[in-house]
Amino acid sequence: MDSYHLAPSRLNDISNDPTDITDQNCDRKRPEQQARLRSRNSVTNMSSVLMSKTVTPFLREHIPSLYAPIGKPGNQETARAENPNSKYCYRHHPDSKCRRAADKAKMVMIQSELDKLTSADQQAVTHVWSLFSAAPARHRDLMLQGILSQLCFPQLSFVSREVNEALKIDFISALPVELAQKVLCYLDTVSLTKAAQVSQRWRTLADSDAVWVRMCEQHVNRKCTKCGWGLPLLERKKLRNYTRQRQLAKGGPQGRITELADSHDSQHQSVNQHGKRPAETEEEDPIKKRQCIAEASKAVTQPKTRSWKAVYRDRWQVSYNWKNSRYKLSVLKGHENGVTCLQLDDNILATGSYDATIKIWNIETEECIRTLVGHTAGIRALQFDDSKLISGSLDHTIKVWNWHTGECLSTFAAHTDSVISVHFDGHLLASGSSDKTVKIFDFNSKETYCLKGHSDWVNSTHVDIKSRTVFSASDDTTIKLWDLDTRQVIRTYEGHVGHVQQVLMLPPEYEPDEEVLNGALQDNQDAMSVSSTGSGSPTMSHAQIEHAGSPGSHSPSYNPLPSSLPSGDDDVRHLYGSAFAADESRPLPSRYFMTGGLDSTIRLWDSATGRCLRTLFGHLEGVWSLAGDTIRVISGANDGMVKTWEPRSGKCDATYTGHCGPVTCVGLSDSLMASGSEDGTIRLHSFKPRPCQQ
């Protein structure tokens, strides 16, 4: 407490000079001190003569150059040449005049405080502002230094706060629109949505299509390599419906188009008060009818436009539900025996069962709209498109259906045993059977031929009409790639130790992780492949060669795996054989594919090199079915579980349970996942946005 006592001499000085306390603390003044200081602190009135001698000459000298761009014509060109950018005071242009937009709130506050002063004080303060505004940079620095040297600590704190706010430059609003949009393109989705909340200007720029179209290109229908986020396409159904509407407007084909047209027209037919439609008279003006049809056609053929942000938002909501396992579950019951196969497409689900029937379901209403009856034994495979459905059965036959009407169009009895798999692409159909063969049907030429090479049941086939190749998976634990031109085996993939049940082609956009490609040269050495000798018979495997003799005594038919991964298109083309090397215009088969087997594993393969790049573990029992796209892969297994996988990293994202038996088939779309089981039920998971998310 002694440190707070003042010396007597100091007390005398303070008592003799009471204004010294005011100098020590300018914020705390007694009423009598404020009255005493009011006269001393008031601004001295400047006479017009004094102002003309001091202020006027200063302003006359500096204002013409200061306002040259809008001032005297003689100074305009010189000012533009010396100061091309007058928006901000840059370091290399210290004499530039700031042209920033005024802060409305601050200007209102200054005007309010100025109005509280007397007229003389207002004039004096205005003169100070005018002198500072007209002064060059060197004069301004001198004025500021003098003012700052007179400020007390509270005033310095006030200046510090004001300077910090003034130094914050809204660079997004200051930059040209193109540059501002380029900067915003580097933000992630969360940051971009937060940027739209800063101001109206930021919202306009952050919501522009130029920014969000890049977001869509980076994430829609693919996994982003930077953030790992992928969004579904969601346009297949809309594009197909738009195409059908155009066909309807042009008087398109019959079938479902006609049904939609009838239902659409019936909605516009009026009903009288007795509940009956009014009779149409033949005297109606045909010109009016044609005008109505033309207007309806014009309305149909004009698609609705949406912002790219809205496009991204719809897909983000679906992807968010997938990532967080937020879904609506529906269980479809109707088959009297186990479900063996299914296909999911838009709003239609087709299922086949051991009860020898095929059911067509409406996903929205969850009702069975049609049952196809004709097979005499269980259905093991099916595939459908807009016009037809093809099914393979244990009764040794393949049937082609018009699934809109339920009519069986044709029946093929090409196999001598049960048909296990069917797959068509364009005019080609490939089927696998328990007779150990693959049959190819050409609908255009009506030609049918057989591919022999497997030593056990053929469980899965996939035909590619562009490259004219077929993949087949068999119970003999191998996968074969066939050339349809030569009808020979291009390559045999070995690595599974159990029956291979499914082969899944990955889209062309898929690229595995670099660490997977690098690790494939050292890992998975048990997964090898052999090429064909040209006769169609399988050649020696890696294990057989080691058993036969030393590594140097390889058979001439054996094609060892390359020691490094191919880098160019020519190198990849030669790996598929002489037929592809000779014809450079021939498209290559799918580079990467996945297989599932009863050894409880899922394997990722490189079809060119024949290497197994990755093995996915997680199922407790054998894997029966696979389905996938560019973002995810789903699998169904004998353990009654459905798992979703990230194809690039091989990570299991989620596990779904609920079936009381083995999951024999799975289906996938952008926002839906279906699984069928031997318990006779189909479980449908819908990841569409809920009403609260929209």
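The rules behind these values
Numbering of residues starts from 1 in each chain and follows the order in which that chain's sequence is written. Only residues with pLDDT of at least 70 are given local features in this predicted model, and only at 80 or more are side-chain atom pairs given and counted; all residues enter the totals for whole chains, interfaces and linings. As a rule here, side-chain values cover all heavy atoms of the structure and leave hydrogens and water aside. UniProt positions are given in the numbering used here, feature names are shortened, and annotations may be inferred rather than shown by experiment. What makes two strands pair is DSSP finding at least two bridges between them. Secondary structure elements follow DSSP: runs of H or I no shorter than four residues count as helices, runs of E no shorter than two count as strands, and numbering proceeds from the N terminus. The axes used here are C-alpha line fits, helices contributing only the stretch in contact, and every angle between their N-to-C directions lies in the interval 0 to 180 degrees. The term salt bridge refers to a pairing of a side-chain nitrogen on Lys or Arg with a carboxyl oxygen on Asp or Glu at a separation within 4 Å. Our angle categories are set so that under 35 degrees counts as roughly parallel, over 145 as roughly antiparallel, 65 to 115 as roughly perpendicular, and the remainder as oblique. Contact criterion: two residues are considered in contact whenever any of their non-hydrogen atoms come within 4.5 Å of each other. Ten residues, namely Ala, Val, Leu, Ile, Met, Phe, Trp, Tyr, Cys and Pro, are considered nonpolar, four, namely Asp, Glu, Lys and Arg, are considered charged, and the remaining ones, Gly among them, are considered polar. To sort residues, take the accessible area from a 1.4 Å probe on protein chains only and compare it with the maximum for the residue type: under 20% means buried, over 50% means exposed, and anything in between is partly exposed. A positive count includes Lys and Arg, and a negative count includes Asp and Glu. His and the chain ends are not counted in either. Counting of polar contacts relies on pairs of N or O atoms within 3.5 Å, with two restrictions inside protein: one atom must be capable of donating a hydrogen and the other of accepting it, and residues adjacent in sequence are counted only when both atoms are side-chain atoms. Any residue with relative accessible area above 30% and no salt bridge may belong to a patch, with like charges joined within 9 Å and the nonpolar Val, Leu, Ile, Met, Phe, Trp and Tyr side chains within 5 Å. Note on areas: Shrake-Rupley with a 1.4 Å probe; residue coverage comes only from the protein chains shown.

Named according to an unreviewed UniProt entry, the protein chain is WD40-repeat-containing domain protein originating from Neurospora tetraspora. The annotation that UniProt attaches to the protein chain under Pathway (unreviewed entry) is "Protein modification; protein ubiquitination." Quoted verbatim from the Sequence similarities (unreviewed entry) field of UniProt, the annotation for the protein chain is "Belongs to the WD repeat MET30/SCONB/SCON-2 family."

Trainee: Could you clarify how one ought to interpret the sheet that holds strand β10 (residues 419–425) in this entry?
Mentor: Strand pairing in a sheet relies on backbone hydrogen bonds, with the paired strands running either antiparallel or parallel. Within the open sheet, the four strands sit side by side as β10-β11-β12-β13. Their pairing is antiparallel. Edge strands, defined here as strands with exactly one partner in the open sheet, are β10 and β13 (447–452). Ignoring strand direction, the axes of neighbouring strands in this sheet form an average angle of 20°. Sheet topology note: the strand β11 (residues 428–433)/strand β12 (residues 437–442) ladder contains five bridges and is antiparallel. The residue bridging Ala430 from the neighbouring strand is Ile440, located in β12.

Trainee: Which parts of the structure should I look at to understand the pattern of salt bridges?
Mentor: Opposite charge on two side chains makes pairing possible when the charged atoms of those side chains draw close. Evaluated as defined, the whole model comprises nine salt bridges. Between Lys116 and Glu113 there is a salt bridge, with its nearest N and O atoms 3.4 Å apart. One network of salt bridges, in which partners are shared, links Arg468, Asp483, Asp485 and Arg586.

Trainee: I keep staring at the packing of helix α6 (residues 104–115) against helix α7 (residues 119–134) and nothing clicks. Help me out?
Mentor: Between two packed helices, both the angle of their axes relative to each other and the distance between the axes serve to describe the pair. The N-to-C vectors of α6 and α7 enclose an angle of 140°; their axes lie 10 Å apart at closest approach. Comparing the axis directions of α6 and α7 gives the class oblique. For the pair formed by α6 and α7, the contact residues are Ile110, Leu114 and Asp115 on the first element and Gln122, Val125 and Trp129 on the second. The residue inventory of the contact of α6 with α7, partitioned by class, reads four nonpolar, one polar and one charged.

Trainee: Before we go on, may I ask you to explain the side chain of Asp464 in this structure?
Mentor: Inspection of the secondary structure puts Asp464 in strand β14 (residues 458–464). In this structure, Asp464 is buried with no salt-bridge partner, the nearest side chain bearing the opposite charge being Lys466 at 6.6 Å. Only 3.4 Å separates the side chain of Asp464 from the backbone nitrogen of Lys466, close enough to count as a polar contact. Those residues within four positions of Asp464 in sequence are excluded, and the remaining contacts are Asp425, Thr469, Leu588 and Pro589.

Trainee: For this particular structure, what's the right way to read the UniProt feature "repeat: WD" (unreviewed entry) in the protein chain?
Mentor: UniProt's entry tags residues 332–371, 372–411, 412–451, 451–492, 590–615 and 616–655 with the feature "repeat: WD" (unreviewed entry), counted in the numbering of this structure. What you have in residues 332–371 is 0% helix and 65% strand, and the ends, taken at the C-alpha atoms, are 14 Å apart. Helix and strand shares over residues 590–615 are 0% and 62% respectively, and the end C-alpha atoms of the span are 19 Å apart.

Trainee: Explain a nonpolar patch on the surface here, please?
Mentor: Taken together, the side chains of Met107, Met109, Ile110, Val128 and Trp129 make up a nonpolar region of the molecular surface, amounting to roughly 460 Å² of accessible area. Only α6 and α7 provide two or more residues apiece to the nonpolar patch. Considering each element in turn, the nonpolar patch owes the most residues, three residues, to α6. Position of Ile110 among the secondary structure elements: in helix α6. According to the relative accessible area criterion, Ile110 is partly exposed, its value standing at 30%.

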